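Report on the structure
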Amino acid sequence: MNFISKLPDVGTTIFTIMSQMAEDYKAINLSQGYPDYDPPLELKERLNWHVNNGHNQYAPLAGIAALRQQCAFKIKEYYDRDVNWDTEVTITPGATEAIYCAITAIVQPGDEVIMFDPVYDCYDPAVRLSGGVPIHLKLCSPEYSIDWRQVESAISSKTKVIIVNFPHNPTGSIMSDDDMMQLEEIAVKYDLVVISDEVYEHFVFDGKKHKSVLSSPKLAARSFAVFSFGKSFHATGWKTGYVVASALLTKELRAVHQFVTFVAFTPVQFALADYMASNPEHLQSLPSFYEKKRDIFCSALKESRFIIKPSKGTFFQLADYSRIADVPDKVYAEYLTQEVGVAAIPISVFFDDPDSESSRVVRFCFCKEDDTLASAAKLLCAL
Ligand SMILES: Cc1ncc(COP(=O)(O)O)c(C=O)c1O
């Protein structure tokens, strides 16, 4: 057959590889970002109820009204923005589909799209599939923050989109007020569309608050803000998310979404709408729920030889193993999984740049039962 692969360099994601390896070697899986506990019981019961009471056919393209209304209430409460639930909120089968549709809707062949390494893996391939050019800049260590002067010097007449992801996977860094101001200034000055991946919006620790692009009127007007119910309701396998964008941008997003998946899974939408309406405290409880897990994991690792700087957000914790071993992180992650019994993700896979092979850092995921975290930490402390 005569065809040219569109993504010749893309193989199976590291998340799938490490989870499979964890299963094969019976290792504690702190690699892929999903909980080892269930969604709230009432939410599962609502899903069951809707499946058994006739909510099993296509939802409207943009999602059911009740859930979009709940999203609009939430945006008002958390980010003080009035959004029109009908024209500005779209329910999608996960944040990944939302990001794909936003990129596909906006990026034309030759357009440059700025993103920051270490970068979540779904942005770059989506840009390339649209004929766009990913421009990989690096977050600055040790804080993993954006160097805005570097951003400005990377902007050309072809730059169309900037993708930001805070709280950040894999580093756990968060945005400051100054970052938000700089993003606003640059996006307006260079007329950029912003795709803001905010799937970890509720996982910000130490009394800090998440900064959403939706809190800034100028950014809200030119952004797709992307969220994930999967993360916020401990239900990553339900693959349901949503996008908030101006009516103008939403129209373009929906034009793509209708031919990618058309709609998201119906009974989950009804269940989430019910649960959000009757349990507003669920989202409020998430920062302390995950902060406690971070603290359990980090204090259990205090006695280890890993160098740990507690994560500021997300459910990920980076760990520097340079005091323990001097091998590339992919080799070390495999060793941890196969020989030690704890699966982790090497962070070099989040970089475009081959120099990242010199990284001596792995990512652990702490959205696990406290006992799971304690057992994993015990094994890691023995190294
Ligand atoms: C930064 C980031 N964005 C998007 C996603 C995908 O979210 P969803 O499962 O809702 O598609 C993830 C999942 O791990 C993520 O870490």
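Residues numbered from 1 in each chain as written. Predicted model: local features only at pLDDT ≥ 70, side-chain atom pairs only at ≥ 80, totals over all residues.

So, the overall build of the chain
Selection criterion: Helix and strand labels come from DSSP, where a helix needs a run of H or I of at least four residues and a strand needs a run of E of at least two; each type is numbered from the N terminus. Every radius of gyration here is taken over C-alpha atoms, with the globule rule written as 2.2 Å times N^0.38, N being the number of residues. With C-beta atoms placed from the backbone, a residue counts as buried when 20 or more other C-beta atoms lie within 10 Å of its own, as exposed when 12 or fewer do, and as partly exposed for counts between those limits. Contact criterion: two residues are in contact if their C-beta atoms, reconstructed from the backbone, are within 7 Å.
When helices and strands are counted, the chain shows 15 helices and 13 strands. Computed over the C-alpha atoms, the radius of gyration of the chain is 20 Å, within 12% of the 21 Å expected from 2.2 N^0.38 for a compact globule of 383 residues. Viewed in the frame of its principal axes, the chain has a C-alpha envelope of about 55 × 55 × 55 Å. Within the chain, the fraction of its 383 residues that count as buried is 48%. Across the chain, contacts joining residues at least 24 apart in sequence account for 72% of those joining residues at least 6 apart.

A short note on the site of the ligand
We apply this condition: All residues are tested the same way: a C-beta atom is placed from the backbone, and lying within 6 Å of a molecule or strand makes the residue near it. Residues are grouped as follows: Ala, Val, Leu, Ile, Met, Phe, Trp, Tyr, Cys and Pro are nonpolar; Asp, Glu, Lys and Arg are charged; all remaining types, including Gly, are polar.
Neighbouring the ligand are 14 residues; Gly94, Ala95, Thr96, Asn169 and Ser228 lie closest to it. Tallied by class, residues from the shell around the ligand come to 3 nonpolar, 9 polar and 2 charged.

Observations regarding the sheet that holds strand 8 (residues 241-245)
Across a sheet, strands are paired by hydrogen bonds formed along the backbone, either parallel or antiparallel in direction. Cut-off, in case you're wondering: In this description, strands pair whenever DSSP reports at least two bridges between them. Helix axes are fitted to C-alpha atoms over the stretch in contact, other axes to C-alpha atoms as well, and angles between N-to-C directions run from 0 to 180 degrees.
Strand order in this open sheet of 7 strands is 2-8-7-6-5-3-4, and the pairing throughout is mixed. The open sheet has two free edges, formed respectively by strand 2 (89-92) and strand 4 (133-138), since each of these has just one partner strand. Strand-to-strand twist in this sheet, taken as the mean axis angle between neighbours without regard to direction, amounts to 20 degrees. As paired elements, strand 6 (residues 193-197) and strand 7 (residues 223-228) share 4 bridges and run parallel to each other. Paired with Asp197 across the two strands is Val226, which belongs to strand 7. Sheet strands touched by helix 11 (residues 247-260): strand 2, strand 7 and strand 8. Its angle to strand 2, the strand with the most contacts, is close to 25 degrees.

Some thoughts on the domain arrangement of the chain
We count it as follows: Throughout, the edges of the domains are those of an automatic or database domain assignment.
Domain assignment breaks the chain into domain 1 (14-32 + 282-381) and domain 2 (41-278). Computed from C-alpha coordinates alone, the two centres of domain 1 and domain 2 are separated by 25 Å. Listed by partner, the interface residues are 21 residues for domain 1 and 20 residues for domain 2. Those elements that place two or more of their residues in the side of domain 1 that touches domain 2 are helix 13 (281-300) and strand 10 (316-320). No other element matches the 6 residues that helix 13 contributes to the side of domain 1 that touches domain 2. Looking at the side of domain 1 that touches domain 2 residue by residue, the classes come out as 11 nonpolar, 4 polar and 6 charged.

With respect to unusual backbone geometry
Between Ser141 and the following residue, Pro142, the backbone shows a cis peptide bond with an omega angle of 10 degrees. Position of Pro142 relative to the elements: it lies in the loop between strand 4 and helix 7 (148-154). Cis geometry is adopted by the peptide bond preceding Pro170, which originates at Asn169 and carries an omega value of 15 degrees. Relative to the elements of secondary structure, Pro170 occurs in the loop between strand 5 (159-165) and helix 8 (177-189). Look at Asp80: it is not a glycine, yet its phi comes out positive at around 50 degrees. One can find Asp80 in the loop between helix 3 (65-79) and helix 4 (85-88). One non-glycine residue, Asp191, adopts positive backbone phi at about 55 degrees. For Asp191, the location among the structural elements is in the loop between helix 8 and strand 6. The class of Asp191 is exposed, set by 9 C-beta atoms lying within 10 Å.

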